[in-house]
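Summary of structural features
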Amino acid sequence: MRVSYSISRSVFHFTRKLLTSNFTPKSLSTSLAHSINNSTTSDSDNEQPQLYKQQQQQRQLNSSEVVEALYELKQQPIRAFSFFCELKDFGFQYDVLSYAAIIRILCHSGLHKKLHSIFLDFVFVSCNDKDKDASIYISDLIDAIADNEFVADTEKHSLFMFRVYDALVKSYVAAGMFDEAIDFLHRKARSGSLPHIFTFNFLLNRLIQSGKSDMSMAVYKVFKRLGLIPNDYTYAIVIKALSIMGNLEEAVDVFKDMEEAGVTPSPFAYTAFIEGLCANQKSEFGYQVLQSWRIAGIPIDIYAYSVVIRGFCGEKKVDEAHNVLLDMEKEGIVPDMRCYGALIRGFCRVHNLLRVDTLLDDMRSKGIKINCVIVSLTLNCLCELGMHAKVVNKFQYFKDLGVSLDGVSYNIVVDALCKLGKLEEAVEFLDEMKSKQMDMDVIHYTTLINGYCCQGKLNDAFRVFKEMTETGLEPDIVTCNILASGLCREGLAAEALDLLSDMEILNLKPNAVTHNVIIESLCIGGKVKEAEAYLSRLGDDSLDSYSAMINGYCKANHTADAFKLVFKLLGQGLIVKKSCFNNLLKNLCNEGDDDRIMMFVGTVLNLELSNAMCGKIISTLCQTRDMKKAQLVFDILIRRGWIPDVITYTIMINSYCRLNFLPEALKLFNDMRKRGIKPDIVTFTVLLDGHLKQADSYSFDRSAVRTEMEKLEIRPDVICYTVFIDAHSKADNIQEAMGIFDEMIERGLEPDTVTYTALLSGCCNRGDIHGVVNLLDLISLKRKLPDDFTKSVLKRGILKARKVQFGNGELE
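Residues numbered from 1 in each chain as written. Predicted model: local features only at pLDDT ≥ 70, side-chain atom pairs only at ≥ 80, totals over all residues. Heavy atoms only, no water.

Time to look at a negative patch on the surface. There is a patch of like negative charges on the surface, built from Glu424, Glu425, Glu428 and Asp431. Within the element layout of this structure, Glu425 appears in helix α24 (residues 423-435). (Patch = residues over 30% accessible without salt bridge, like charges linked within 9 Å, V, L, I, M, F, W, Y side chains within 5 Å. Areas by Shrake-Rupley, 256 points an atom, 1.4 Å probe, with all protein chains shown as cover. Salt bridge = Lys/Arg side-chain N within 4 Å of Asp/Glu carboxyl O. Lys, Arg positive; Asp, Glu negative; His and termini not counted. Charge placed at Lys NZ, Arg CZ, Asp CG, Glu CD. Helix = DSSP H or I, 4+ residues; strand = E, 2+ residues; numbered from the N terminus.)

Put into structure tokens, the structure is as follows:
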């Protein structure tokens, strides 16, 4: 009993010190752990194994002393929590009674976050104990907590236990253990203890957020049969789940159930129904519901509008989404940050930067704060379009506005500067981050390392790498892959292999991406033979490695080798990545190798191709200007069930028009409409341009085309208007051309240089010197600088006009 006595004395001695002095919990637990260790240590080496065994036994047997120490700290719950955690860190093995003690203390003190962390820890401990069933372990804990001496009043005791159940369920959910949470609540409900409605609602909501809507409905029905009475939030969650599942009629029935139960639906319930519709790609219907409810006087909050906007944008119906914003303003509802954020995200997704800028200006005019998320969306959109210089300018614009910029925004601008080769400026921005006490993470360092590698400045790249590790940040596999790629591009294959060995030291095992990066980078650096040798050394027969080799061949313009490897693999029944097919097809077209192109196409047609791949094949064949082959493949693919999209049809129509095969182009256009594929503005512009350039275009009815465009609500853009203006100008219908020009201006569209050139050419051909002067004045006002072609047109036109006027005797 010597060990037991010494531990007990240590516990109570240091507990009293804590209560009567300025001891911290950490110092207490450290000293206590030290005392425990010292009390079980013998000077005799021979006795150590026996004493160690005895120590472990006594720790388990005497946890009650630690429990009593915790109760001594019940008036200081934060210190009790720290004491519990620190002692656990020193290896003390807590049992059910220990956990029950700290849970009681925290629960009575209302320290919910700390209570949640303790429960979460116990859940993991119970699940990892192979000697005992987890559910029994939890049951023991609940029984130990219920048998508490602090709560005598029955009502208070019930409230106390509800808090315990709530914390346990939330811990289960946080651990992703939904089945265990449901099973626990079900066992309690069957014993007559239904869960608190707040706990139940939390579980239902998290099930839906985790994509388990069907499970949430099953749970709802079971507990409702057991006597649980839903509140307005419960009904709203159920409506949301049913809507997401597409069970719209059942969702409507829930509204009826609420009415019968005398529960008034909250705005959240209505929004949940609309959100479910939008989640099922039924945003148009969702908006109709919103409008009808608004007219009926049902309270609709602004979040419902943001849901519809987000839904439309998710379906890439950004114009419809924008109309929702405009309708809100007409109704006197001021859109908030969520509405603008969802709409800006939508326009960024379709790369419509003009609309993004307009929305940003609109936000500023209304005093709506632009946050860092919107900044990142805008900057990232510019990056995707390759407009890296504008990324830098836009970043500075936001900074000048005083917008709070985060690490993501800085990383985007640093990446843009690296791609522009402005590495010194990139470093300045990172230094600016540091000066603002913003922490640089692995991504920031990796972005800069990539910038140096792309510029071939490997010494600087490794200097940054060293700086990153010295700050305590551990490089990830992406960082190492970038460095390996940089080394290979510079022909330093041996150094890249050394880097792989260093990765092993950092516990970073080279993956398929690493190997592929090395293979492709060696090829880009002109080291094709080294890449082949590296692939051979891998001894890896995976398609990823072969795909990397094929892509490497293509990037090194070793098209014949790529072609040979692809067909070798196809002969073995192996199909490489689609990117390999695309790269090989692109190379074959660039080299004009028609024979191999048709051999390639004939082979891949026997494979199961994606819609994108089919479109790529047609587009590639059109580039060869051999429309017979393109049409042949087009027809074969359609017979196999392929449905061309509007882009593929437009590419085919454009190719026919460029070769002056107008009947074939019109036939495709009609076929497109029969299949229910809606032409877009580009399709109409291509068709019009091809026909209007031909004076003898066999009774092509341009007015019928304009009518159809209006019917489809497709409004001409600048390019389309220019096609009409050019056609009328060349046909000497200058008045009609000017009329279309005026219509274009009235619509708020800005003519470009091509538009002005078409009008100038028409005026010059007629010898209309006054028209030329008026247009030049307008060009000057608009600050449009004429290009060389416009100047040559103007020069020839003025000379012609002077000859005409001189011939008529108008010039002296």
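What follows continues from the structure just given.
The next subject is the nonpolar core. Within the largest apolar cluster, 235 residues are counted, with the highest numbers of intra-cluster contacts made by Ile309 and Phe600. If sequence neighbours within four positions are ignored, Phe600 has contacts with Phe563, Phe567, Phe581, Leu584, Leu585, Leu588 and Met613. (Core = buried A, V, L, I, M, F, W, Y, C linked by side-chain atoms within 4.5 Å. Buried < 20%, exposed > 50% of the residue type's maximum accessible area, 1.4 Å probe, protein only. Contact = heavy atoms within 4.5 Å.)

Turning our attention to the confidence of the model for the protein. Residues with a pLDDT of 70 or more make up 79% of the protein, whose mean pLDDT is 78. Within the model, pLDDT remains below 50 along residues 1-61, and this stretch shows 67 contacts once partners closer than five positions in the same chain are excluded. Across residues 801-812 the pLDDT falls below 50, and counting only partners more than four positions away or on other chains, this stretch makes 8 contacts in the model. (pLDDT = per-residue confidence, 0-100.)

Phi is positive for Asn557, which is not a glycine, with a value near 60°. By the secondary structure assignment, Asn557 is in the loop between α31 (543-555) and α32 (559-571). Taking relative accessible area as the criterion, Asn557 reaches 57% and is therefore assigned exposed. Of note in this structure, Glu713 is not a glycine but carries a positive phi near 60°. As for its placement among the helices and strands, Glu713 is situated in the loop between α40 (702-711) and α41 (718-730). Assessed through its relative accessible area of 71%, Glu713 is described here as exposed.

Our next topic: helix α29 (residues 512-524). With 13 residues, α29 should reach 18 Å at 1.5 Å per residue; the first-to-last C-alpha distance of 18 Å fits that figure. Taken together, the buried positions of α29 are Thr514, His515, Asn516, Ile518, Ile519, Glu520, Ser521, Leu522 and Cys523. At its buried positions, α29 is contacted by α27 (477-489), α28 (493-505), α30 (528-538) and α31. For α29, the N-terminal cap is Asn511; the gap from its side-chain oxygen to the backbone nitrogen of Val513 is 3.1 Å. Gly526 lies just past α29 and shows a positive phi near 80°. (Expected span 1.5 Å × (residues − 1). Polar contact = N/O pair within 3.5 Å; in protein donor to acceptor, adjacent residues only side chain to side chain.)

A complete count under the given rule lists 20 salt bridges for this structure. Here Lys399 ties to Glu432 by a salt bridge, and the two come within 3.0 Å at their closest N and O atoms. Of this pair, Lys399 sits in helix α22 (residues 388-400) while Glu432 sits in helix α24, and the two are 33 residues apart along the sequence. A single salt-bridge network, built from bridges that share partners, covers Glu329, Asp362 and Lys366.

The next point concerns the packing of aromatic side chains. Overall, the coordinates contain 19 aromatic pairs when judged by the stated rule. Judged by centre distance (5.7 Å) and plane angle (45°), the rings of Phe273 and Trp293 are tilted. Here Phe273, found in helix α15 (residues 267-279), pairs with Trp293, found in helix α16 (residues 283-295); they are 20 residues apart in sequence, far enough to count as distant. Assessed through its relative accessible area of 16%, Trp293 is described here as buried. Between the aromatic rings of Phe634 and Tyr649, the centroid separation amounts to 5.7 Å while the plane-to-plane angle is 75°, which identifies the pairing as edge-to-face. Placement of Phe634 in helix α36 (residues 627-639) and of Tyr649 in helix α37 (residues 646-658) is noted, with a sequence separation of 15 residues between them. Both residues of the pair, Phe634 and Tyr649, belong to the buried class. A connected cluster of aromatic rings, assembled from ring pairs, spans Phe255, Tyr270, Phe273 and Trp293. Over the aromatic face of Phe202 sits the side chain of Lys170, whose NZ or CZ is 5.2 Å from the ring centroid. Here Lys394 stacks its cationic end above the ring of Tyr397, 5.0 Å away from the centre of that ring. (Phe/Tyr/Trp six-rings, centres within 6.5 Å; stacked < 30°, edge-to-face > 60°. Lys NZ or Arg CZ within 6 Å of the ring centre and 35° of its normal.)

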